[in-house]
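What follows is the residue order along each chain.
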Amino acid sequence: MSQYEFDDLLEKYLSGKYTPQEEKLVLAWYRSFIDESEIEISAEEKQRIESRIWSNVTATVNNAEPETPVVRMRPRRIARLAAAGCLVLVAAGAWYWLSHRPAATPKDLFTQEPIPGGYVSVFNETESNREVALSDGSEVKLEPGSIIYYPETFGGHTRDVYLSGNAFFEIAHDAGKHFIVHTSEGVLAEVLGTSFYVSHDKASHKVEVAVITGKVSVYERKKKRDTLFTASSNSIIITPNQKVTYKTENSQFTTSLVDDPKPVTAPEKQREFAYEDASLQDVLKALEETYAINIETDNTRFSHCHFTGDITKQDLYEKLDIICQSIQASYEIKGTTIYIKGKGCN
């Protein structure tokens, strides 16, 4: 319905010259504030909101006493005007209430498995990351729209938390208790002490775990018997600058490199990447050690190549672009390995 058509329909409603079908269209207008909202609310909540709206409309119309007008209007028209004005105000109020209420209850956000009794939750309703401190000294940066469930004090043989959404974990080391993140897509990430990201793409039902330091064992919830030390073919172990993606549509894990690999060595031990006629093999070995990424060449003639230049300030992929350009080669990422391809050097 165009704005012009709606204005014409509203004018008919105000004048009392409307059909039952047209009246339904006007009433459906204010309901759209609720029904078309992106916020998830139950049918019971919708009914409660609608009842409250009609209660307010009825009370306002019945109590409305028009001021002395210059031109006397029919009582029915006055009531219609009051009702229409009420609909606008109450619909706006309903929109405001929906926009500022909690987006969803915890049960709506995590449905894969029951949350243990005694767990508390933090739901990030802000537009920036929210820091959550756990009792074992671990820290979580919870992204907007995400929720985490955790115990006030960890007990038992493992440290289990439940996440729906995206978060960065920095886990305190405890060799006696593995730390396990249960995701809303049924994927578990298990660690001893490390830092990693967990992200969830709700549209594609995809979970991604990316490691910054340490190592993480990732597996499906139904394979919970697999742990960091007893990993089987059903679990994936990833190390720094690696990530694993899980798609629920085919229950498949895919490993790859993170989008922006970072040096894994301590800042004080990071080397300069400034070379003067250095062997390509030495340059690539330095990159492997700095980023903990396997780099291979597909031609033995690359052993004759040399590189001159300063690539200290560039990120890994920019470094590779410069190196490959200097020797007329290219690189390709397959899984967690980088392959240098080309004719090599004489």
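This structure is a prediction, so every number in the text was calculated from the model and none was measured.

Draft legend 1. Broad picture of the overall build of the chain. Of regular secondary structure, the chain possesses seven helices and 19 strands. For the chain, the proportion of contacts with a sequence separation of at least 24, taken over those separated by at least 6, is 52%. As displayed, the chain has an accessible area near 19800 Å², and 49% of this comes from carbon and sulfur atoms.

Draft legend 2. Region of the structure containing the environment of G342. Along the chain, G342 turns up in strand β19 (residues 337–342). In this structure the C-alpha to C-alpha distance between G342 and Q328, which are 14 residues apart in sequence, comes to 7.0 Å. Look past the residues within four positions of G342 in its chain and what remains in contact with it is D298, N299, F302 and A329.

Draft legend 3. View of the sheet that holds strand β18 (residues 329–334). Ordered by their spatial adjacency, three strands build an open sheet running β16-β19-β18, and the pairing between neighbours is mixed. Edge positions in the sheet fall to β16 (294–297) and β18, since each has one partner strand and no second. In this sheet, adjacent strand axes meet at a mean angle of 25° when their direction is disregarded. When β16 meets β19, the two strands line up parallel, connected through four bridges. Looking at the pairing, E296 lines up with Y339 of β19. Sheet strands touched by helix α6 (residues 280–291): β16 and β19. Its angle to β16, the strand with the most contacts, is close to 155°. Running at roughly 145° to β18, helix α7 (residues 316–326) makes contact with β18 and β19 of the sheet.

Draft legend 4. Spotlight on the packing of α6 against α7. In the contact formed by α6 and α7, the axes pass within 12 Å of each other and the chain directions differ by 170°. Between α6 and α7, the angle is such that the two are roughly antiparallel. In this structure, α6 uses L280, V283, L287 and Y291 to contact α7, whose residues at the interface are L316, K319, L320 and I323. When the residues that make up the contact of α6 with α7 are grouped by side-chain class, the tally is seven nonpolar, no polar and one charged.

Draft legend 5. Representation of the side chain of R159. The residue R159 is located in strand β5 (residues 158–164) in this model. On the basis of relative accessible area, R159 is assigned to the buried category, the value being 1%. At 2.5 Å, the side chain of R159 forms a polar contact with the side chain of D136.

Draft legend 6. Just the packing of aromatic side chains, in detail. Throughout the structure, instances matching the rule amount to nine aromatic pairs. Judged by centre distance (6.4 Å) and plane angle (65°), the rings of F273 and Y275 are edge-to-face. Here F273 matches Y275 in class, with each residue buried. Considering the side-chain rings of Y317 and Y331, the 6.4 Å spacing of their centres and the 10° angle between planes classify their relative orientation as stacked.

Draft legend 7. Looking closely at unusual backbone geometry. Of note, S251 is a non-glycine position whose phi angle comes to about 50°, a positive value. Positionally, S251 belongs in the loop between β13 (242–247) and β14 (252–257). Taking relative accessible area as the criterion, S251 reaches 36% and is therefore assigned partly exposed. Of note in the backbone geometry, Q328 takes a positive phi value of approximately 55° without being a glycine. In this structure, Q328 sits in the loop between α7 and β18.

Definitions and cut-offs
- Residues numbered from 1 in each chain as written.
- Predicted model: local features only at pLDDT ≥ 70, side-chain atom pairs only at ≥ 80, totals over all residues.
- Heavy atoms only, no water.
- Helix = DSSP H or I, 4+ residues; strand = E, 2+ residues; numbered from the N terminus.
- Contact = heavy atoms within 4.5 Å.
- Areas by Shrake-Rupley, 256 points an atom, 1.4 Å probe, with all protein chains shown as cover.
- Pairing = 2+ DSSP bridges.
- Axes fitted to C-alpha atoms, helices over the stretch in contact; angles between N-to-C directions.
- Parallel < 35°, antiparallel > 145°, perpendicular 65-115°, else oblique.
- Nonpolar A, V, L, I, M, F, W, Y, C, P; charged D, E, K, R; others polar.
- Buried < 20%, exposed > 50% of the residue type's maximum accessible area, 1.4 Å probe, protein only.
- Polar contact = N/O pair within 3.5 Å; in protein donor to acceptor, adjacent residues only side chain to side chain.
- Phe/Tyr/Trp six-rings, centres within 6.5 Å; stacked < 30°, edge-to-face > 60°.

Purely spatial values, then, with no claim about function.
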